[in-house]
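Residues per chain are reported as follows:
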Amino acid sequence: MARHGTGGRWRLQVALTASVGLLASPARADEARATCNATLSGRRVVVRPEARAFVSPELDRLVRLGMAGKLEVRMTLFRRRALWFDARVDSTQVTQVLAFTRTGYLLDGRPLPDGVATLELERVAWTLEERPEPGDRFVVQLEVRLQVVTAASLGRVAAWFTQDTAAETATEDRSALTGTLLRSVAEDLARGASARCDVLRPP
């Protein structure tokens, strides 16, 4: 049994190496950037976030092969305070799905006719408990992360390469080294960026 398990782990590691090789690309992707535009009207704060250059050549290839991208967007509203830390007012986390079909890219089912160079993310609105004073200032912290490949999905790809039920057993009994490799590759293929934008009042 031990011999069989060792052989399964060896085959899994070879398959992982092969799958990682298929995903690797010598091209260097542009740096991912996040931007936002926030406005205040009465007690209502509206944020329009964007993600730019998030779909690298590696991620584009994976999504076109049928894998879905998970786009996690977190926005936090702060009230500025002089000579002290900004005060957290509210926060929102949104998860959107990036996919590719015969008609092109979709973001949560919405067609992206202009491609994925700039992703217009879901708009978020907050309502303040009290109407702000004229001198109150607010800022939004935006964090965006796109991940197409997870450690678990890489493990399934490797198991598919081996075409052997022993690979599943090997996956369950995966060594710490193999688990670290899976997480490392998944992190390398993820894209993330953050930004801050002042909340503007209408003129």
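These numbers were taken from a predicted model, which means no experiment stands behind them. (Residues numbered from 1 in each chain as written. Predicted model: local features only at pLDDT ≥ 70, side-chain atom pairs only at ≥ 80, totals over all residues. Heavy atoms only, no water.)

1. Focus on the overall build of the chain
(1) Moving on: A tally of regular secondary structure across the chain gives 5 helices and 10 strands.
(2) Moving on: Across the 203 residues in the chain, those meeting the buried criterion constitute 39%.
(3) Moving on: Residue pairs at least 24 apart in sequence account for 75% of intrachain contacts in the chain once pairs closer than 6 positions are excluded.
(4) Moving on: Within the structure as shown, the chain displays about 12,300 Å² of accessible surface, and the carbon and sulfur contribution to it stands at 52%. (Helix = DSSP H or I, 4+ residues; strand = E, 2+ residues; numbered from the N terminus. Buried < 20%, exposed > 50% of the residue type's maximum accessible area, 1.4 Å probe, protein only. Contact = heavy atoms within 4.5 Å. Areas by Shrake-Rupley, 256 points an atom, 1.4 Å probe, with all protein chains shown as cover.)

2. What about the side chain of Ser91?
(1) Moving on: Position of Ser91 among the secondary structure elements: in strand E4 (residues 87-101).
(2) Moving on: A polar contact is formed between the side chain of Ser91 and the side chain of Arg88, at a distance of 2.6 Å. (Polar contact = N/O pair within 3.5 Å; in protein donor to acceptor, adjacent residues only side chain to side chain.)

3. So, the state of the cysteines
(1) Moving on: Under the criterion given, the structure shown has 1 disulfide.
(2) Moving on: Two residues, Cys36 and Cys197, share a disulfide whose sulfurs are 2.1 Å apart. Judged by the torsion about the S-S bond (-120°), the Cys36/Cys197 disulfide is left-handed. Linking Cys36 in strand E1 (residues 33-41) with Cys197 in strand E10 (residues 191-200), this pair joins segments that are 161 residues apart in sequence. (Disulfide = S-S within 2.5 Å.)

4. What to know about the nonpolar core
(1) Moving on: Counting residues in hydrophobic clusters, the biggest one holds 40 residues, and the most contacted among them are Val140 and Val144.
(2) Moving on: Not counting residues within four places of it along the chain, the set of residues in contact with Val144 comprises Ala34, Ala51, Phe54, Leu71, Glu72, Val73, Leu121, Arg191, Gly192 and Ala193. (Core = buried A, V, L, I, M, F, W, Y, C linked by side-chain atoms within 4.5 Å.)

5. Observations regarding the pattern of salt bridges
Proximity of charged atoms lets side chains of opposite charge pair with each other.
(1) Moving on: Tallied over the full model, the rule gives 7 salt bridges.
(2) Moving on: The partner of Asp60 in a salt bridge is Arg64, and the shortest N-O contact between them spans 3.0 Å. Here Asp60 pairs with Arg64, and both are found in helix H2 (residues 57-64), just 4 residues apart, close to one helical turn.
(3) Moving on: Owing to a relative accessible area of 21%, Asp60 belongs among the partly exposed residues under this scheme.
(4) Moving on: A relative accessible area of 45% places Arg64 in the partly exposed class.
(5) Moving on: For Glu72, the salt bridge is made with Lys70, and the minimal N-O distance between the two is 3.4 Å.
(6) Moving on: Glu72 gets classed as partly exposed once you look at its relative accessible area, which sits at 25%. (Salt bridge = Lys/Arg side-chain N within 4 Å of Asp/Glu carboxyl O.)

6. Concerning the packing of aromatic side chains
(1) Moving on: Overall, the coordinates contain 2 aromatic pairs when judged by the stated rule.
(2) Moving on: Here Phe100 and Tyr105 contribute two aromatic rings whose centre-to-centre distance is 5.0 Å and whose plane-to-plane angle is 75°, an arrangement assigned as edge-to-face.
(3) Moving on: Owing to a relative accessible area of 7%, Tyr105 belongs among the buried residues under this scheme. (Phe/Tyr/Trp six-rings, centres within 6.5 Å; stacked < 30°, edge-to-face > 60°.)

7. Details of the environment of Leu121
(1) Moving on: Relative to the helices and strands, Leu121 is located in the loop between strand E7 (118-120) and strand E8 (124-127).
(2) Moving on: Given the relative accessible area of 8%, Leu121 is considered buried.
(3) Moving on: Aside from chain neighbours lying at most four places away, what touches Leu121 is Pro49, Glu50, Ala51, Leu71, Val73, Gln96, Leu107 and Val144.

8. Overview of the confidence of the model for the chain
(1) Moving on: The predicted model of the chain has a mean per-residue pLDDT of 78, with 67% of residues at 70 or higher.
(2) Moving on: For residues 12-28, every residue scores under 50 in pLDDT, and the model assigns this stretch 31 contacts once sequence neighbours within four places are set aside.
(3) Moving on: Here residues 164-173 is a poorly scored stretch, pLDDT under 50, and it has 12 contacts once near neighbours within four places are set aside; other chains count. (pLDDT = per-residue confidence, 0-100.)

9. Focus on H2
(1) Moving on: Turning to H2, its buried residues number three or more, namely Glu58, Leu59, Leu62 and Val63. When H2 is viewed along its axis, its buried side chains cluster within an angular range of 130° and face the same direction.
(2) Moving on: At the exit of H2 stands Gly66, carrying a positive phi of roughly 115°. (Arc of directions from axis to C-beta.)

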